[in-house]
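Below, each chain spelled out in residue letters.
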Amino acid sequence: MALFKKWIFKIVKLVYAIKDENLSWQTANQDQQAKLKQARMLSEQALVAELQKKSTQLAHDITLLKIRNATELSILKTRCEQDIKDYKQYLNALDQLKQSIRQSYAHLPEAVAFTIHHHAKQLLNTMWEADDFEQKMQLELRLIQFMTTVHEDAQLHLDNAQVGTLPQKTLDLIQQR
């Protein structure tokens, strides 16, 4: 049992020696540990401040994007509304053109007036659906040329008062396309 007591005494002595060594080390390095703890706290505070700053900047950027997108959407809606208004005016002008043809060429079958109207409407739709600006302008010129030709044919017919004549220039334009 004495041997057992010696072992326990040595183990207890070793544990106390380790504790004394640890206490000595902590005492000797207390200033350094305090500085490290302070540095860690300052670093965490700086990180929190940076995150708050970035969060605020991000919220600001999001607000600006929302405002910009709302403005662009409003402008786009206004443009679309104007485009619809313009398109309706074009259609009304084409309907008036059809009525003018029917009045000027009362002897013609309605199908001819409808064909001319349909051709003008197809030109309008093709122009309206074109994505390329240059192509849109060329199609608009073709539509204007077509409508001008129809008007000239009608005016020529009224001026000459020839019964039974056809809007020949207009029909020639339709055949070319």
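The structure under discussion appears in the preceding block.
This report concerns the structure included in the present document. Computed from a predicted model, the values in this text were never measured in an experiment.

Our focus in this paragraph is the overall build of the chain. Regarding its fold elements, the chain presents 5 helices and 0 strands. Along the chain direction, N to C, the helices and strands of the chain fall in the order α-α-α-α-α. A compact globule built from 177 residues should have a C-alpha radius of gyration of about 16 Å, whereas the chain, at 45 Å, is more than 25% larger. Here the C-alpha coordinates of the chain stretch approximately 145 × 35 × 20 Å along the principal axes. For the chain, the proportion of its 177 residues judged to be buried stands at 18%.

The next thing to look at is the pattern of salt bridges. According to the stated counting rule, one finds 1 salt bridge in the structure shown. Where Glu 110 meets Arg 102, a salt bridge forms, and the shortest distance between an N and an O atom there is 3.1 Å. With relative accessibility at 42%, the residue Glu 110 sits in the partly exposed group. Classification of Arg 102 by relative accessible area gives partly exposed; the value is 29%.

Calculation notes
Residues numbered from 1 in each chain as written. Predicted model: local features only at pLDDT ≥ 70, side-chain atom pairs only at ≥ 80, totals over all residues. Heavy atoms only, no water. Helix = DSSP H or I, 4+ residues; strand = E, 2+ residues; numbered from the N terminus. Rg over C-alpha atoms; globule rule 2.2 N^0.38 Å. Buried < 20%, exposed > 50% of the residue type's maximum accessible area, 1.4 Å probe, protein only. Salt bridge = Lys/Arg side-chain N within 4 Å of Asp/Glu carboxyl O.

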